[in-house]
Amino acid sequence: MPSRNILVINCGSSSIKFALVKPDQAQFAISGLAERLGSTDAVLHWQRDNAKHSLAIAGGDHRSALAHLLPMVQEAADGQLHGIGHRVVHGGERFTSAQRLDAEVIDAIRAIAPLAPLHNPASLLGIEAALALYPELPQVAVFDTAFHQTLPEHAYRYAVPQQLYREHGVRRYGFHGTSHRFVSLRAAEVTGLAVTDSSWLVAHLGNGCSTCAVVDGQSRDTSMGMTPLEGLVMGTRSGDVDPNLHSHLARTLGWSLEQTDRMLNHDSGLLGLSGLSNDMRSLEQAREQGHAGATLAIEVFCYRLSKSLAAMSCALPRLDGLIFTGGIGENSPLIRSKTVAHLRLLGLALDEDANARCIRGVSGPIQAADHPRVLVIPTNEERQIALDTLALLDT
Ligand SMILES: Nc1ncnc2c1ncn2[C@@H]1O[C@H](COP(=O)(O)OP(=O)(O)O)[C@@H](O)[C@H]1O
Ligand SMILES: CC(=O)OP(=O)(O)O
Ligand SMILES: [Mg+2]
């Protein structure tokens with residue numbers, strides 16, 4: 001069968017990441033990012049055949065960015081675009097797998113938006129723009145939450161009154177499911193273990209960060225909760241804080257809910273702790289030069305990550321391996337080394353030469369001899385979204 005082409009779209013509130021995936025080819029035919037949408041310096045960046053391009057699209061919104069990029073994608077697809085896969089962060093309890101988009105599914109995504117106010121409205125903008133421009137193309141929503149719908153109730157319930165769960169959906173959902181699924185499948189493949197008899201800890205460390213316990217191909221626990229704010233220290237998100245922080249800041253500083261939300265989601269995490277940057281590369285450089293904030297941010301990040309992994313181990317029958325993925329997990333020997341150093345009680349130890357070699361797409365095992373596996377596996381959410389989209393179009 002000739003290669004089929006799927007456009008994958010990942011919308012943020014002011015950005016669109018996109019990739020044209022030909023499932024039989026490792027490299028994307030074209031990929032890119034439209035950013036600062038809605039502002040006068042909106043810009044579209046894309047990469048094709050290893051050449052990088054940029055185009056200013058002053059005042060461009062999601063729809064006009066898509067109108068610019070879709071003809072380029074069509075051209076790269078030789079006029080043969082077969083479908084569009086959209087990343088939708090929150091699918092609530094309703095969606096346990098990818099869904100073909102129609103008016104009813106779009107309404108359901110809209111109804112879930114109060115649980116993901118920073119994410120779902122952005123996905124809807126992208127979906128509506130793509131449907132308006134390409135009404136004849138089949139379009140699919142792939143949910144970050146879907147993979148975690150196998151969590152047992154003792155892992156997904158909060159200890160709050162039952163009614164808040166039953167009537168208002170207050171529970172843990174988990175996110176980054178597409179990535180946790182992709183790398184745990186790859187881990188089984190590269191180690192020769194059967195997916196249905198395997199047991200992994202996964203650390204997805206990008207701008208958003210989360211851990212996951214994957215047993216027999218299913219998510220059994222994960223660090224993110226009702227929203228993608230719970231759990232680990234992230235680029236600009238605090239992760240876990242005392243739940244009384246909102247009321248404390250309201251009482252003592254007169255802060256509104258919006259101010260505290262903004263602080264926890266956008267001004268915290270690595271950025272807040274370091275006072276310098278949300279970008280791990282910059283923090284590692286600053287740490288080398290003795291920057292105290294960067295040094296502290298890295299220590300807190302690794303300690304909190306290791307605590308979360310130790311907690312996730314409660315959901316495993318045994319440990320077949322720890323997987324590092326995402327921009328930080330795939331590229332930072334320092335973070336992997338510091339995190340594993342806190343996990344001696346799980347028996348983990350690294351071969352530091354192998355650890356140092358796994359950067360920029362180089363994957364492999366990095367554990368010391370006779371210790372449990374530690375694997376660096378590049379994630380590929382776009383490919384997994386394209387595969388899920390194709391699988392649905394074929395049913
Ligand atoms: N060589 C590197 N060393 C340390 N951190 C890195 C390196 N390369 C990328 N990163 C970090 O990865 C993070 C971005 O991860 P990525 O998975 O690309 O993000 P997103 O979640 O937006 O897809 C940033 O903190 C960036 O600094
Ligand atoms: C859900 C989430 O945190 O996504 P991202 O890592 O893309 O911010
Ligand atoms: Mg990424």
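In this text, all values refer to a predicted model and were calculated from it rather than measured experimentally.

### Topic: the side chain of Thr222
Relative to the elements of secondary structure, Thr222 occurs in strand β11 (residues 218–222). In this structure the side chain of Thr222 is engaged in a polar contact, spanning 2.8 Å, whose partner is the backbone oxygen of Thr211. With sequence-adjacent residues up to four places away left out, Thr222 is seen in contact with His148, Leu151, Arg172, Gly174, His180, Thr211, Cys212 and Met312.

### Some thoughts on the pairing of strand β10 (residues 209–215)
Buried residues dominate β10, accounting for 7 of its 7 residues. The side-chain alternation of β10 yields two buried faces, one formed by Cys209, Thr211, Ala213 and Val215 and the other by Ser210, Cys212 and Val214. By the bridge criterion, 7 bridges tie strand β9 (residues 199–205) to β10 in an arrangement that is antiparallel. What sits directly across from Ala203, in β10, is Thr211.

### A closer look at the site of ligand 1
Near ligand 1 you find 13 residues, and of these Lys17, Asn207, Asp279, Met280 and Gly327 are the closest. Note that an oxygen atom of ligand 1 is positioned 3.1 Å from one of the side-chain N or O atoms of Lys17. Between ligand 1 and Asn207, the relevant distance is 2.8 Å, taken from an oxygen atom to a side-chain nitrogen or oxygen of the residue. Here ligand 1 loses 74% of its free accessible area of 580 Å² to cover by the protein chains. Elements that contribute at least two residues to the shell around ligand 1 include exactly α10 (280–288) and α12 (326–331). Residue contributions to the shell around ligand 1 peak at 4 residues, all from α12. Of the residues that constitute the shell around ligand 1, the class distribution is 2 nonpolar, 7 polar and 4 charged.

### A few points about the packing of α10 against helix α11 (residues 292–312)
Between α10 and α11, whose axes approach to 8 Å, the crossing angle comes to 120 degrees. In terms of orientation, α10 lies oblique with respect to α11. The chirality of how α10 crosses α11 is left-handed. Where α10 abuts α11, its residues Met280, Leu283, Glu284, Ala286 and Arg287 lie against Ala294, Thr295, Ala297, Ile298 and Phe301. For the contact of α10 with α11, the residue count by class is 7 nonpolar, 1 polar and 2 charged.

### Quick look at the UniProt feature "binding site: Mg(2+)" (unreviewed entry) in the protein chain
UniProt records the feature "binding site: Mg(2+)" (unreviewed entry) for Asn10 and Glu381 in the present numbering. The greatest C-alpha distance among the residues just named is 9.7 Å, despite their covering 372 residues of sequence, which places them together in space. Considering the arrangement of structural elements, one finds Asn10 in strand β1 (residues 5–11). Excluding its chain neighbours within four sequence positions, the residues that come into contact with Asn10 are Ser15, Ile16, Lys17 and Arg87. Its relative accessible area of 18% is what places Glu381 among the buried residues.

What counts, and where the lines are drawn
Residues numbered from 1 in each chain as written. Chains lettered and ligands numbered in written order. Predicted model: local features only at pLDDT ≥ 70, side-chain atom pairs only at ≥ 80, totals over all residues. Heavy atoms only, no water. Helix = DSSP H or I, 4+ residues; strand = E, 2+ residues; numbered from the N terminus. Polar contact = N/O pair within 3.5 Å; in protein donor to acceptor, adjacent residues only side chain to side chain. Contact = heavy atoms within 4.5 Å. Buried < 20%, exposed > 50% of the residue type's maximum accessible area, 1.4 Å probe, protein only. Pairing = 2+ DSSP bridges. Near = heavy atom within 4 Å. Areas by Shrake-Rupley, 256 points an atom, 1.4 Å probe, with all protein chains shown as cover. Nonpolar A, V, L, I, M, F, W, Y, C, P; charged D, E, K, R; others polar. Axes fitted to C-alpha atoms, helices over the stretch in contact; angles between N-to-C directions. Parallel < 35°, antiparallel > 145°, perpendicular 65-115°, else oblique. Left-handed = near helix turned anticlockwise from the far one by under 90°. UniProt positions renumbered as here; feature names shortened; annotations may be inferred.

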